[in-house]
Amino acid sequence: MTTSSPLNVEIGALTGGSADLSQYAGKAVLIVNVASKCGLTPQYNGLEKLQERYAERGFTVLGVPCNQFLGQEPGSAEEIAEFCSATYGVTFPLTEKVEVNGEDRHALYERLVDFADGEGHTGDIRWNFEKFLIGRDGTVVARFSPQTEPESDAVVTAVESALA
């Protein structure tokens, strides 16, 4: 894993302490900026299904709460954790709430936004539930628009390729 890998960034866990992204070295990780009050929030179902389907093969979803899009993640860490667990049965890890765009963009997203998605989009995160797949070597291997469902053929194919 290179020093420029997104997994070499310090970020807090939702419940406090460090999220210790280095623990995911050698695994495939789908990093997703999430929100509890968004029209795309039901994507938590698909994200959890990916987690359940591929966790034993060295995969994890990493949810990154963000309140930058119309204030759709207003809750405290405790409220976010309760919502995700009670409403969607989320078992994958969640980080602290961060900013993904602008001058206060978290370093994690500084290392993600230059990667292009299938349509060639680079730069700012467009909305909640934009997805980045990190390969086992710690590099970004795919980017998916917010509207791309977690269980879409494109995401599943990319995850399976990253795990091969």
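Residues numbered from 1 in each chain as written. Predicted model: local features only at pLDDT ≥ 70, side-chain atom pairs only at ≥ 80, totals over all residues. Heavy atoms only, no water.

Student: I would appreciate a short explanation of the overall build of the chain in the present structure.
Tutor: A count of helices and strands for the chain gives 4 helices and 4 strands. Ordered by position in the sequence, the α and β elements of the chain form the string β-α-β-α-α-β-β-α. Taken along its principal axes, the extent of the C-alpha atoms in the chain is 35 × 35 × 35 Å. Relative to its 164 residues, the chain shows a buried fraction of 53%. Partitioning the contacts of the chain with sequence separation of at least 6, the portion at a separation of at least 24 is 69%. Accessible area for the chain stands at about 7300 Å²; split by element, carbon and sulfur atoms hold 47% of it. Seen as two clouds, the 12 positive and the 24 negative side-chain charges of the chain have centres 4 Å apart. (Helix = DSSP H or I, 4+ residues; strand = E, 2+ residues; numbered from the N terminus. Buried < 20%, exposed > 50% of the residue type's maximum accessible area, 1.4 Å probe, protein only. Contact = heavy atoms within 4.5 Å. Areas by Shrake-Rupley, 256 points an atom, 1.4 Å probe, with all protein chains shown as cover. Lys, Arg positive; Asp, Glu negative; His and termini not counted. Charge placed at Lys NZ, Arg CZ, Asp CG, Glu CD.)

Student: For this particular structure, what's the right way to read the pattern of salt bridges?
Tutor: Side-chain pairs of opposite charge can arise whenever the charged atoms involved come near each other. In total, this model carries 5 salt bridges according to the counting rule given. Glu130 serves as the salt-bridge partner of Arg126, at 3.0 Å between the closest nitrogen and oxygen. As a salt-bridge pair, Arg143 and Glu130 come within 2.7 Å of each other at their nearest N and O atoms. Remark: Glu130 occurs in the loop between helix H3 (107-110) and strand S3 (131-134) and Arg143 occurs in strand S4 (residues 140-144); sequence separation between them is 13 residues. (Salt bridge = Lys/Arg side-chain N within 4 Å of Asp/Glu carboxyl O.)

Student: How should I be thinking about the packing of aromatic side chains in this particular structure?
Tutor: Aromatic ring pairs are reported here in terms of the distance separating the ring centres and the angle at which the planes meet. Counting across every chain of the model gives 8 aromatic pairs. With a centroid separation of 6.5 Å and 65 degrees between ring planes, the pair formed by Tyr44 and Phe83 is classed as edge-to-face. Residue Tyr44 is found in helix H1 (residues 43-54), and its partner Phe83 is found in helix H2 (residues 77-88); the two are separated by 39 residues along the sequence. Among the aromatic residues, ring-to-ring pairing joins Tyr44, Phe83, Tyr88, Phe92 and Phe129 into one connected group. (Phe/Tyr/Trp six-rings, centres within 6.5 Å; stacked < 30°, edge-to-face > 60°.)

Student: What is the right way to look at the nonpolar core in this model?
Tutor: Looking at soluble globular proteins, one finds that nonpolar side chains tend to be buried together. Counting residues in each nonpolar core, the largest one holds 30 residues, and the members touching the most others are Leu30, Tyr44, Leu47, Phe59 and Leu133. Sorting the residues of this core by element identifies strand S1 (28-34), H1, strand S2 (59-65), H2, S4 and helix H4 (153-163) as the ones contributing at least two each. With 6 residues, the single largest contributor to this core is H4. Excluding residues that lie within four positions of it along the chain, Leu30 makes contacts with Leu47, Leu50, Phe59, Thr60, Val61, Leu62, Lys131, Phe132, Leu133 and Val155. Val64, Val100, Tyr109 and Ile125 belong to the second-largest nonpolar core, a separate cluster that totals 23 residues. (Core = buried A, V, L, I, M, F, W, Y, C linked by side-chain atoms within 4.5 Å.)

Student: Would you take a moment to explain the state of the cysteines for this structure?
Tutor: Put plainly, a disulfide is one covalent bond tying together the sulfur atoms of two cysteines. Per the stated rule, a full pass over the model turns up 0 disulfides. Left unpaired, Cys66 is separated from the closest cysteine sulfur, that of Cys38, by 11 Å. For Cys66, a relative accessible area of 1% gives the class buried. Lacking any disulfide linkage, Cys84 is separated from the closest cysteine sulfur, that of Cys38, by 13 Å. (Disulfide = S-S within 2.5 Å.)

Student: When you look at unusual backbone geometry in this model, what are you seeing that I'm missing?
Tutor: Phi is positive for Asp20, close to 45 degrees, though the residue is something other than glycine. The topology assignment puts Asp20 in the segment before S1. Here the phi dihedral of Phe129 falls at roughly 75 degrees; this positive angle occurs in a residue that is not glycine. Summarising the element assignment, Phe129 is placed in the loop between H3 and S3. Of the residues examined, Phe129 reaches a relative accessible area of 0% and is grouped as buried.

Student: Sorry, what's going on with the sheet that holds S3 here?
Tutor: The strands making up a sheet associate through hydrogen bonds between their backbones, and the pairing can be parallel or antiparallel. One open sheet accounts for 4 strands, arranged S2-S1-S3-S4; its pairing is mixed. This sheet does not close on itself; its edge strands, each paired only once, are S2 and S4. Across the sheet, the mean angle from the axis of one strand to that of its neighbour is 20 degrees, orientation sign disregarded. As defined by bridge partners, S1 adjoins S3 across 4 bridges and the pair is classed as antiparallel. Its bridge partner lying in S3, Leu30 is registered against Leu133. On top of the sheet, H4 reaches S1, S2, S3 and S4; it is set at about 170 degrees to S4, its chief contact. (Pairing = 2+ DSSP bridges. Axes fitted to C-alpha atoms, helices over the stretch in contact; angles between N-to-C directions.)

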